[in-house]
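Chain by chain, the residues run as shown.
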Amino acid sequence: TLLLGRIINLPIPEFMENVETDMIPSISLVMENIIPSSLTKNSLTKMLQNDILVVKQLGCQLLIFAFQKLIKILALYDRKGWNSSKSSINTSFFNNIPDLNIIVNTLNQVYINHKDNKMILLSLTIILKYHSQCFPNFFSVTLPSKNIYQDIMSKKSFNSVELTILDNFLQFQEFNS
């Protein structure tokens, strides 16, 4: 998992920034740089559904890295004027990540069983934020009435991790329909 995280976090090659061409890179090559082929939708889903919290957290971290790389790649495509290929990259990425309901179910499950593990709850909230930003037309989340966000908001004071959870929650709520 560490190796996959490092691969995903590799910077976009500098020559891609400087190249002056209308030739768009191969979608499969670009996707391999965002989500390596060994990291499948099924494997990411199994990581999120795993009972071992460290495995869940590692899955969350890989998803966060992948979303961050996707955003960087799409920004490069904007700068290069390669807009015609952005939808292909988005579609391929969307098809290679766990379904939104898996992410929400994992959030609810961690909240019920491990309320004190704020790092996983924060990671899942960040994933939801990125999901809402990248795929606003496919983003609709319904949370149970008793959830992590309600718990934090009902507190008289909260710590920095809880504040960060709320900040990311409010960001994804912007796109929640």
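Higher on the page you've got the structure.
Residues numbered from 1 in each chain as written. Predicted model: local features only at pLDDT ≥ 70, side-chain atom pairs only at ≥ 80, totals over all residues. Heavy atoms only, no water.

1. A short note on the overall build of the chain
Part 1 of the argument: When you go through the chain residue by residue, the secondary structure sums to 10 helices and zero strands.
Part 2 of the argument: Starting at the N terminus and walking to the C terminus, you meet the elements of the chain as α-α-α-α-α-α-α-α-α-α.
Part 3 of the argument: What you see for the chain is a C-alpha radius of gyration of 17 Å, in line with the 16 Å of a compact globule of 177 residues.
Part 4 of the argument: Taken along its principal axes, the extent of the C-alpha atoms in the chain is 55 × 30 × 25 Å.
Part 5 of the argument: Taking all 177 residues of the chain together, 44% fall into the buried category.
Part 6 of the argument: Accessible area of the chain: about 9500 Å², with a carbon and sulfur share of 56%.
Part 7 of the argument: Within the chain, one finds 15 positive and 13 negative side-chain charges whose respective centroids are separated by 7 Å. (Helix = DSSP H or I, 4+ residues; strand = E, 2+ residues; numbered from the N terminus. Rg over C-alpha atoms; globule rule 2.2 N^0.38 Å. Buried < 20%, exposed > 50% of the residue type's maximum accessible area, 1.4 Å probe, protein only. Areas by Shrake-Rupley, 256 points an atom, 1.4 Å probe, with all protein chains shown as cover. Lys, Arg positive; Asp, Glu negative; His and termini not counted. Charge placed at Lys NZ, Arg CZ, Asp CG, Glu CD.)

2. With respect to the packing of aromatic side chains
Part 1 of the argument: Evaluated as defined, the whole model comprises 11 aromatic pairs.
Part 2 of the argument: Their ring planes at 20° and their centres at 6.2 Å tell us that F93 and F135 sit as a pair that is stacked. Of this pair, F93 sits in helix α6 (residues 86–95) while F135 sits in the loop between α8 (118–134) and α9 (148–154); the two residues are 42 residues apart in sequence, bridging distant segments of the chain. Both residues of the pair, F93 and F135, count as buried.
Part 3 of the argument: Pairwise contacts between aromatic rings join F67, F93, F94, Y130, F135 and F138 into one cluster. (Phe/Tyr/Trp six-rings, centres within 6.5 Å; stacked < 30°, edge-to-face > 60°.)

3. A short note on the environment of C60
Part 1 of the argument: Mapping C60 onto the fold places it in helix α5 (residues 53–80).
Part 2 of the argument: Once the C-alpha coordinates of C60 and I103 are considered, the two residues, 43 residues apart in sequence, prove to be 9.2 Å apart.
Part 3 of the argument: Discounting residues that sit within four places of it in the chain, C60 has contacts with L48, S123, L124 and I127. (Contact = heavy atoms within 4.5 Å.)

4. A look at the pattern of salt bridges
Part 1 of the argument: Under the criterion given, the structure shown has five salt bridges.
Part 2 of the argument: One salt bridge connects D99 with K41, and the closest N-O pair in it is separated by 2.8 Å. Placement of D99 in the loop between α6 and α7 (100–113) and of K41 in helix α4 (residues 41–49) is noted, with a sequence separation of 58 residues between them.
Part 3 of the argument: Relative accessible area serves as the criterion here: at 28%, K41 is assigned to the partly exposed category. (Salt bridge = Lys/Arg side-chain N within 4 Å of Asp/Glu carboxyl O.)

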